[in-house]
Amino acid sequence: MNKLKRQQMLEILRDDNPHPETELEFQSPFELLVAVTLSAQATDVSVNKATRKLFPVANTPQAIVDLGVDGLKQYIKTIGLFNTKAVNVHKACKMLVELHNSEVPQNREALEALPGVGRKTANVVLNTAFGWPTIAVDTHIFRVANRTKLGMGKTVELVEKKLLKVVPKEFLVDVHHWLILLGRYTCVARKPRCGSCIIEDLCEFKDKTEI
């Protein structure tokens, strides 16, 4: 994909959704960190259902530490892998209390040192909570970037590096939201809805559908 086509594609996505937001519900960087950690291999819908009950009771690191692992499990047991996630979130909260004065660090290394927080989660928090120009490549972004030829790569790390290199600075803060939403609702895995896609004419996917 050439530079001009990439620019046009991103302008269309921006015009359609100038201020994209995550579908996870949160009111603070800490709530976002917990929600994103819980969302691994789970839907945002399932996470939101759980955190709507959890956050009114415990929405600070100390409150979740006080809740305990078993107490936390009762709120997130409807989410996949909840046992492991409860342990990780509880440990992460203890670290936030002990090492970071109960604040979510605006630092990639410190974030990734927290249990259950990998590069993708750190990227989401840095981008969505703090406005960093990071791109959290999940399965949706990986698929869309490769299908459209916007930023191709054989691994999520390579796609992230490619997108950071080729996406103009003006789009970097918002591009991962646009691509996630596109992959979640239009450029779906089994049969993309090309006919209803706003960037169909610019996309370089060869096997387009009419739907």
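Let me sum up the structure you'll find in this document.

Let us now look at the side chain of Arg6. By the element assignment, Arg6 lies in helix H1 (residues 3–16). Buried and unpaired, Arg6 has Glu204 as its nearest opposite-charge partner, separated by 7.7 Å. Engagement of the side chain of Arg6 in a polar contact is seen with the backbone oxygen of Met1, the distance being 3.0 Å. Excluding residues within four positions of it along the chain, Arg6 makes contact with Met1, Lys149, Leu150 and Val166.

Once that is clear, we can look at the layout of surface pockets. Computed from the structure, the largest pocket encloses a volume of approximately 690 Å³. In terms of lining, the largest pocket is formed by 32 residues, of which the most central are Ser39, Lys120, Asp138, Ile180 and Arg184. Counting residues per element, the ones that place at least two in the lining of the largest pocket are helix H3 (44–54), helix H7 (119–129), helix H8 (139–148), helix H9 (156–166) and helix H10 (175–185). With six residues, the top contributor of residues to the lining of the largest pocket is H10. The computed volume of the second largest pocket comes to approximately 160 Å³. Around the second largest pocket, the lining residues are Leu13, Asp16, Asn17, Trp178, Leu181, Leu182, Thr186, Ser196, Cys197 and Ile198. The set of elements that each furnish at least two residues to the lining of the second largest pocket consists of H1 and H10. Considering every element that reaches the lining of the second largest pocket, the biggest residue donor is H10, with three residues. Tallied by class, the residues present in the lining of the second largest pocket amount to six nonpolar, three polar and one charged.

Right, let's talk about H7 for a bit. Those residues of H7 lying buried are Thr121, Ala122, Asn123, Val124, Val125, Leu126 and Asn127. Gly131, located one to two residues past H7, shows a positive phi value of around 75°.

Before going further, it helps to examine empty space enclosed by the protein. In this approach a probe as big as a water molecule rolls over the atoms, and the regions it shows empty are the leftover space. Overall, the coordinates contain two cavities of 30 Å³ or more when judged by the stated rule. Partitioning the lining of the largest cavity into residue classes produces eight nonpolar, two polar and three charged. Space inside the second largest cavity adds up to approximately 60 Å³. Along the walls of the second largest cavity sit Phe30, Leu33, Val34, Thr37, Asn88, Val89, Ala92, Cys93, Leu96, Pro115 and Val117, which together make up its complete lining. Within the residue set of the lining of the second largest cavity, elements represented by two or more residues are helix H2 (29–38) and helix H5 (82–99). Top element by residues in the lining of the second largest cavity is H5. It accounts for five residues. Here the lining of the second largest cavity is composed, by residue class, of nine nonpolar, two polar and no charged.

The subject of this paragraph is H9. One full turn of an α-helix is made of 3.6 residues, so residues set three or four places apart face in the same direction. Of the positions making up H9, those classed as buried are Val159, Glu160, Leu163 and Val166. The buried side chains of H9 occupy one side of the element, clustering within an arc of 150° when seen end-on. Exposed and oriented more than 90 degrees from the buried face of H9 are Lys161 and Lys165. Elements in contact with the buried residues of H9: H1, H7, H8 and H10.

We now examine the pattern of salt bridges. Using the criterion set out here, one finds seven salt bridges in the structure. Across the pair Glu23 and Arg184 runs a salt bridge whose closest N-O atoms are separated by 2.4 Å. Placement of Glu23 in the loop between H1 and H2 and of Arg184 in helix H10 is noted, with a sequence separation of 161 residues between them. A residue is classified by how much of its surface remains accessible, and Glu23, at 32% relative accessible area, is partly exposed. Classification of Arg184 by relative accessible area gives partly exposed; the value is 25%.

Another point: the packing of H3 against helix H4 (residues 61–76). Helix-helix packing is characterised by the crossing angle of the two axes and by the distance between the axes. One way to put it is that H3 packs onto H4 with a least axis distance of 8 Å and a crossing angle of 130°. Compared by their axis directions, H3 and H4 come out oblique. Counted together, Ala50, Lys53 and Leu54 of H3 and Leu67, Leu72, Tyr75 and Ile76 of H4 form the full contact between these two elements. Along the lines of polarity and charge, the residues of the contact of H3 with H4 split into six nonpolar, no polar and one charged.

Conventions we followed
Residues numbered from 1 in each chain as written. Predicted model: local features only at pLDDT ≥ 70, side-chain atom pairs only at ≥ 80, totals over all residues. Heavy atoms only, no water. Helix = DSSP H or I, 4+ residues; strand = E, 2+ residues; numbered from the N terminus. Buried < 20%, exposed > 50% of the residue type's maximum accessible area, 1.4 Å probe, protein only. Lys, Arg positive; Asp, Glu negative; His and termini not counted. Salt bridge = Lys/Arg side-chain N within 4 Å of Asp/Glu carboxyl O. Polar contact = N/O pair within 3.5 Å; in protein donor to acceptor, adjacent residues only side chain to side chain. Contact = heavy atoms within 4.5 Å. 1 Å grid on protein atoms, 1.4 Å probe; cavity = no way out; pocket = protein on both sides within 12 Å on 5 of 7 lines; lining within 4 Å. Points joined across faces, edges and corners; volume = space filled by probe spheres on them. Nonpolar A, V, L, I, M, F, W, Y, C, P; charged D, E, K, R; others polar. Arc of directions from axis to C-beta. Axes fitted to C-alpha atoms, helices over the stretch in contact; angles between N-to-C directions. Parallel < 35°, antiparallel > 145°, perpendicular 65-115°, else oblique.

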